[in-house]
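Report on the structure
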Amino acid sequence: MSGSKADLAQQGSELLSRLLAILPARSALDWREHRAARWTSGTFGGRLVPFGHLDPIGLSDLLGIDDQKARLVANTEQFLAGHPANNALLWGARGTGKSSLLHALLNRYANEGLRLIEVDKESLVDLAAILELVDEEPYRFLLVCDDLSFESGESSYKALKSALEGSVFATAENTLIYATSNRRHLLPEYMTDNTAATHVGGELHEAEVVEEKISLSDRFGLWLSFHAFRQDEYLAVARHWLERIASERGVTLEWNEDRAKAAIRWALARGVRSGRTARHFATNEVGAALRAATQR
């Protein structure tokens, strides 16, 4: 009998070891070594995976969005100081600096205790687990939901909606949510919304259909809008990136009328004047110049 019990105990120990091998580690990262991480969900839970490389962009690299930058910097400094601060929604045209601004904030304030955790919309249901991991850390965390939007029928937005003003975040003083989106209200709105409310399912209050869709973005205390650049703004950004990238590569490229016209053609081909477009133009110009130099 004793042998049988010993066998069962050994089998149980082996089974436990196998389970522990496949379960994700629940401990938090060593945030002294890592400034940013991504939350990844799995069958048996989620875990934090540190970023290997971070964009070195600085706040001074972000031109044409001075007001948005100043307001988010102020909100972030309030947060770092332990003062009241708002969750923020950065919305607007693609490539206008929304995500880059968040990366620049991390680079600027990492030495003051700021840390970043990227959470995609499928992982929003894990917000409570993420908070549990960082609740006692001596750092301040931005939970970043980048390029966030929800389609009709998706229910994961309810987890975020609840978290923004729900009990989950009531004691999370070291955590804020910063989200970026191309949509102001994060959810699509259709002309048929009120029609469906009137004629399908017996809905009596038409306005509530639309109110449900805009209530999520309303729960962000700070809204910052980003718009396509004017041509002069775009050219200033293109020149900035051309000179910076060329300097980093040890070459000198002159900014002149021909190069400005090339930058305009580049933007027209892509249908948008934005910081991202300007940076891509500058990268192409420097790369082409270096390639031409090696072929001489």
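Heads up: these notes are all about the structure in this document. (Residues numbered from 1 in each chain as written. Predicted model: local features only at pLDDT ≥ 70, side-chain atom pairs only at ≥ 80, totals over all residues. Heavy atoms only, no water.)

**Here's the deal with the overall build of the protein chain**
To keep it simple, the criterion reads: For the purposes of this entry, the term helix denotes a DSSP run of H or I that reaches at least four residues, the term strand denotes a run of E that reaches at least two, and both are numbered from the N terminus. Under the scheme applied here, a residue whose accessible area is under 20% of the maximum for its type counts as buried, over 50% as exposed, and between as partly exposed, the area being computed with a 1.4 Å probe on protein chains only. In this description, contact between two residues means that some pair of their heavy atoms is separated by no more than 4.5 Å. Surface accessibility follows the Shrake-Rupley procedure with a 1.4 Å probe radius. Residue values consider only the protein chains on display as shielding.
When you go through the protein chain residue by residue, the secondary structure sums to 10 helices and 7 strands. Residue burial in the protein chain is summarised as follows: out of 296 residues, 41% are buried. By sequence separation, contacts in the protein chain at least 24 residues apart represent 76% of the contacts at least 6 residues apart. As presented, the protein chain carries roughly 16,500 Å² of accessible surface, and 49% of it is formed by carbon and sulfur atoms.

**Points about the packing of helix α2 (residues 66-80) against helix α3 (residues 98-109)**
For clarity, the threshold we go by: Working convention: axes come from line fits to C-alpha atoms, limited for helices to the stretch in contact. Angles between N-to-C directions cover 0 to 180 degrees. Note on terminology: angles under 35 degrees are roughly parallel, angles over 145 are roughly antiparallel, angles of 65 to 115 are roughly perpendicular, and the others are oblique. It is the rotation of the near helix from the far one that decides the hand of a crossing: anticlockwise by less than a right angle makes it left-handed, clockwise makes it right-handed.
At a closest axis distance of 11 Å, the pairing of α2 and α3 adopts a crossing angle of 45 degrees. As judged from the angle between their axes, α2 and α3 are oblique. Of the two elements, α2 crosses α3, and the hand of that crossing is right-handed. Judged by residue contacts, Gln68, Lys69, Leu72, Val73, Thr76, Glu77 and Leu80 of α2 engage Leu101, Leu102, Leu105 and Tyr109 from α3.

**Notes on the packing of aromatic side chains**
So the rule is basically this: The rule is short: rings of Phe, Tyr and Trp, with Trp giving its six-membered ring, pair when the centres are within 6.5 Å, and they are stacked under 30 degrees, edge-to-face over 60, tilted in between.
As enumerated under the stated definition, the model contains 2 aromatic pairs in all. Centre to centre, the rings of tryptophan 31 and phenylalanine 141 are 5.0 Å apart; their planes meet at 75 degrees, and the pair counts as edge-to-face. Of this pair, tryptophan 31 sits in the loop between α1 (2-22) and β1 (36-42) while phenylalanine 141 sits in strand β5 (residues 140-145), placing them 110 residues apart in sequence. Here the two residues tryptophan 31 and phenylalanine 141 agree in accessibility, since each one is buried. With centroids separated by 6.1 Å and ring planes inclined at 65 degrees, the aromatic side chains of tryptophan 266 and phenylalanine 281 adopt a geometry described as edge-to-face. In this pair, tryptophan 266 sits in helix α9 (residues 257-270) while phenylalanine 281 sits in helix α10 (residues 275-294), placing the two residues 15 residues apart along the sequence.

**Considering the environment of arginine 219**
The topology assignment puts arginine 219 in the loop between α7 (206-218) and β7 (222-226). Along the backbone, arginine 219 and asparagine 87 are 132 residues apart, and their C-alpha atoms lie at a distance of 8.2 Å.

**Here we look at α3**
So the rule is basically this: A helix is expected to reach a length of 1.5 Å times the quantity of its residues less one.
Across its 12 residues, α3 extends 17 Å between first and last C-alpha, which sits within 8% of the 16 Å expected from 1.5 Å per residue. Buried within α3 we find Lys98, Leu101, Leu102, Ala104, Leu105, Leu106 and Tyr109.

**As for the pairing of β5**
Put simply, the rule reads: In this description, strands pair whenever DSSP reports at least two bridges between them. Consider the strands pointing away from the viewer: the crossover is right-handed when the path from the first strand over the helix to the second runs clockwise.
Here β5 lies mainly inside the structure; 5 of its 6 residues are buried. Pairing between strand β4 (residues 114-118) and β5: 5 bridges, direction parallel. The partner of leucine 114 across the bridge, within β5, is arginine 140. Handedness of the β-α-β unit built from β4, helix α4 (residues 127-134) and β5 comes out right-handed. Sheet topology places β5 next to strand β6 (residues 175-181); 5 bridges connect them, and they run parallel. Paired with phenylalanine 141 across the bridge in β6 is threonine 175.

**Here we look at the nonpolar core**
Short version of the rule: Only buried residues count toward a nonpolar core, which is a set of Ala, Val, Leu, Ile, Met, Phe, Trp, Tyr and Cys residues joined through side-chain atoms within 4.5 Å.
Judged by nonpolar contacts, the single largest core of 47 residues is most densely connected at Leu72, Leu90, Leu105, Tyr178, Tyr234, Trp255 and Phe281. Those residues in contact with tyrosine 178 that lie beyond four places of it in its chain are Leu72, Asn75, Thr76, Asn86, Ala88, Leu102, Leu105, Leu142, Leu143, Val144 and Cys145. If you look at the next biggest cluster of nonpolar residues, it comprises 24 residues, including Leu48, Ile117, Ile130 and Leu148.

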